[in-house]
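Overview (structure and organization)
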Amino acid sequence: MTPKRIRDLLDRIECLGHACDLDLLLFFYRHPQAFLNSERLAVYVGYDLPQVERSLETLLTAGLLRQSSDSTRPARLYVLTRSSSPLGGSLSSLLRIAATRDGRLAVLHALKQRQPPRLSGRDESEPVANGRPVPRT
Amino acid sequence: MLEPDLVKTGIKGLDEVLSGGIPRGNVILLAGTAGTGKTTIGVEFVYRGASQFNEPGVIVLFEVAPDKVMRDAALFGWDLRELERTGRLKMIFTTRQLFQQELLKADSPLLAEAAEIGARRIFVDGVVRLPEPNGGDARDAFHLLAEGLHRENLTAMLALESTFADPAGARAPEEFVADTIIRLSIEPVQRAVLRSLEVVKSRGHEHALGRHSFRIINGQGLEVYRRVQAPRSLQRERGAAFDPTSRVATGIPGLDELVNGGYFVASTTLVVGISGAGKSVMALQFIAEGARRGERSLMITLDEPPAQVLRNAQSIGIDLQSAIDRGLVHLWYEPPQEFEIDRHFAQIEAIVEGFRPQRAVIDSLSTYGSSLGPAERSFRDFFHAIVALMKEHQVTAVYNHENPEMLGMSSMMGEFKVSSLVDNIILMNWVELGDTFRHALTVAKMRAMPTSRTTHECEILNGQGMKVLPRPLRAALPMVPFAGYLGLLSRAPERRTPPMVPETQ
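Residues numbered from 1 in each chain as written. Chains lettered and ligands numbered in written order. Predicted model: local features only at pLDDT ≥ 70, side-chain atom pairs only at ≥ 80, totals over all residues.

**Observations regarding the domain arrangement of chain B**
All names here are of chain B.
- According to the domain assignment, chain B contains domain 1 (6-225) and domain 2 (234-474).
- Secondary-structure elements contributing two or more residues to the side of domain 1 that touches domain 2 are β9 (192-202) and β10 (211-217).
- Among the elements that line the side of domain 1 that touches domain 2, the one with the most residues is β10, at three residues.
- For the side of domain 1 that touches domain 2, the class distribution of residues is three nonpolar, three polar and one charged. (Domains from an automatic or database assignment. Helix = DSSP H or I, 4+ residues; strand = E, 2+ residues; numbered from the N terminus. Nonpolar A, V, L, I, M, F, W, Y, C, P; charged D, E, K, R; others polar.)

Next up, the structure:
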């Protein structure tokens, strides 16, 4: 696990910009099919609700996650789409690295080292990278 | 009569306890404190369904992360990831509240996920006393949950955490609603632990009552051992009616004559005597005689490991290893330190059914006695079950029992009163004559056969084994025959005077 390898993986996955993006992904790596509402998810991953909702949107838009479509319900079924996503291989590699404490810290460090946020006026709990939803590839 | 549609759990031994399985659609409550094996049973139930019975399943988790369940399942050889990949399993992580809410909705996406793979089984791990959504009681809440599962036509196992010390004293309201309740427990037994399960109730079919032991075995999963006292097949009882003409040779020169040509087929013979009296030698010769005749024999040894038994056999001229290699002898050793009697019996049952011996020896019963203790009925129940098993399979069985009394015997079985269960009893004694302990043998009981109950001398010779000496002794032998004494077993025999007159018959 080298910093360069981590940077390469992050570049390939591209959409990850905020620590919450990574921690949500890690949560879904351990719970590949989770039926939860975003409030509960926020409690599990330890970020504030607006940030969790932004990160969920990021992951959903990037096609790393899919959710049940009924918007009338507060809870959704979230399914990690490792195998069906074109980014599956890179994502699995990154998640394997980040699954350990040291690996997670290294990935978080690499995230911080990446280019600064393009959008101004965001605080620490908001995405540090692109911020905009990344289109599905 | 309509046969019930039973769902096989696939868990080794459990379907026998459940008389074939659980009626489809039942809600099964697994109740037990932490560490009793609820999650393992539930996961195995779904795994076996998906992998063996083409019944896809869903596992719902509230607290344990699915990746940990997958990791733990892999230790048993269950590849849950592969089942997920092939659409036979879904593991869903959620909260109790959401799960409960979803079951009340006919268009739940969670249930749609289950329907998508055609799920027939569901395991919900970590159900606790459910809050009723509209302020009702827990029993109503559980009833609604059960109705939701029933509507989906799922056979459901729900793991319910018990926190009370006395499970019988505090019944959870869920227990009244569930169709099947399996209570799991773990208890210390002589510094070891014993896992057991009890089918408290199960609607729609029969099941074996009582507590049955089980083990969680790495690389395999659960193995349930039916309570040794539980009634078996009627055939087992009928096995007691044995063949009144055939005889099974004992392998001890001189003994067949004392037992009317040999033991009855499927009879039970108890050989009782102090350590060193020759019981194990007799057992080895019985087995060797079987091998010589091409009959299969099972030898269960509890006191001596196989290498030692082989060496002992060698010392009396028996090549036991060769008989084992030829498939005529099955030598099975189980160290007695941590006996679980249900499991032990299940293993013997499996060997008897698989190997189909014609002869069997257990050396010795006293080891069971010291492991199980005389206070409870366990020993007698176990022995009763063993006797019935051997009779069902028409196995002629010899059981050794160590009697602690060195000279003579004041009782045959001491605290373990099983002599009424056996057909034949042979007492092995030491008799002190001059400065020598000599071996004596008395056939004390022969069911359905006459016996003289005279005491005979025997000897054990290196490389040859045991033989019963002729009576009266030939004049050439420089020993006074037993018939020359009074009260041989009284611990103070007296010489007859005047010298013995030879018997006319």
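**What about the sheet that holds strand β14 (residues 268-273) of chain B?**
Residues and elements named next belong to chain B.
- Taken together, the nine strands give an open sheet; going across it, the order is β16-β15-β17-β18-β14-β19-β20-β21-β22, and neighbouring strands pair in mixed fashion. The open sheet has two free edges, formed respectively by β16 (329-333) and β22 (465-468), since each of these has just one partner strand. For this sheet, the mean angle separating the axes of adjacent strands, direction not counted, is 20°.
- Sheet topology note: the strand β15 (residues 297-301)/strand β17 (residues 359-363) ladder contains five bridges and is parallel. Across the sheet, the residue bridging to L298 is A360, located in β17.
- Across the sheet, helix α11 (residues 279-292) lies against β14, β15, β16, β17, β18 (396-402), β19 (424-433), β21 (455-461) and β22, angled at about 160° from β17, the strand it touches most.
- Here helix α15 (residues 365-372) sits on the sheet and contacts β17 and β18; the angle it forms with β18, its principal contact strand, is near 60°. (Pairing = 2+ DSSP bridges. Axes fitted to C-alpha atoms, helices over the stretch in contact; angles between N-to-C directions. Contact = placed C-beta atoms within 7 Å.)

**Observations regarding the interface of chain A and chain B**
- With 12 residues of chain A in contact, the opposing surface of chain B contributes 13 residues.
- Only β1 (33-37) and β3 (75-80) of chain A provide two or more residues apiece to the side of chain A that touches chain B.
- Residue classes in the side of chain A that touches chain B are distributed as six nonpolar, three polar and three charged.
- Pairing of β1(A) with strand β5 (residues 89-94) of chain B involves two bridges; the strand directions are parallel. By the bridge assignment for β5(B), F35(A) is matched with T94(B).

**Some remarks on the nonpolar core**
- Ranked by size, the top nonpolar core spans 170 residues in total, and within it I28(B), L30(B), I122(B), L158(B) and F382(B) carry the most contacts.
- Domain assignment of the residues forming this core places at least three in each of domain 1 (6-225) and domain 2 (234-474) of chain B. (Core = buried A, V, L, I, M, F, W, Y, C linked by C-beta atoms within 7 Å. Buried ≥ 20, exposed ≤ 12 C-beta atoms within 10 Å, placed from the backbone.)

**Digging into the packing of α15(B) against helix α16 (residues 378-392) of chain B**
Residues and elements named next belong to chain B.
- Contact geometry for α15 and α16: axes closest at 9 Å, N-to-C directions at 145°. Between α15 and α16 lies a crossing whose hand is right-handed. Between α15 and α16, the residues in contact are L365, Y368, G369 and L372 and S378, F379, F382 and F383, respectively.
- Residues that form the contact of α15 with α16 fall into these classes: six nonpolar, two polar and no charged. (Left-handed = near helix turned anticlockwise from the far one by under 90°.)

**Digging into unusual backbone geometry**
Residues and elements named next belong to chain B.
- The linkage connecting D363 with the following residue, S364, adopts the cis geometry, with an omega of 5°.
- By the element assignment, S364 lies in the loop between β17 and α15.
- The phi dihedral of S19 is positive, around 55°, even though this residue is not glycine.
- Turning to its location among the elements, S19 is positioned in the loop between α1 (14-17) and β2 (22-23).
- Of note, the phi angle at N54 is positive, near 55°, even though the residue is not glycine.
- Structurally, N54 is set in the loop between α2 (38-52) and β4 (57-61).
- Residue classification places N54 among the exposed residues on the basis of 10 C-beta atoms within 10 Å.

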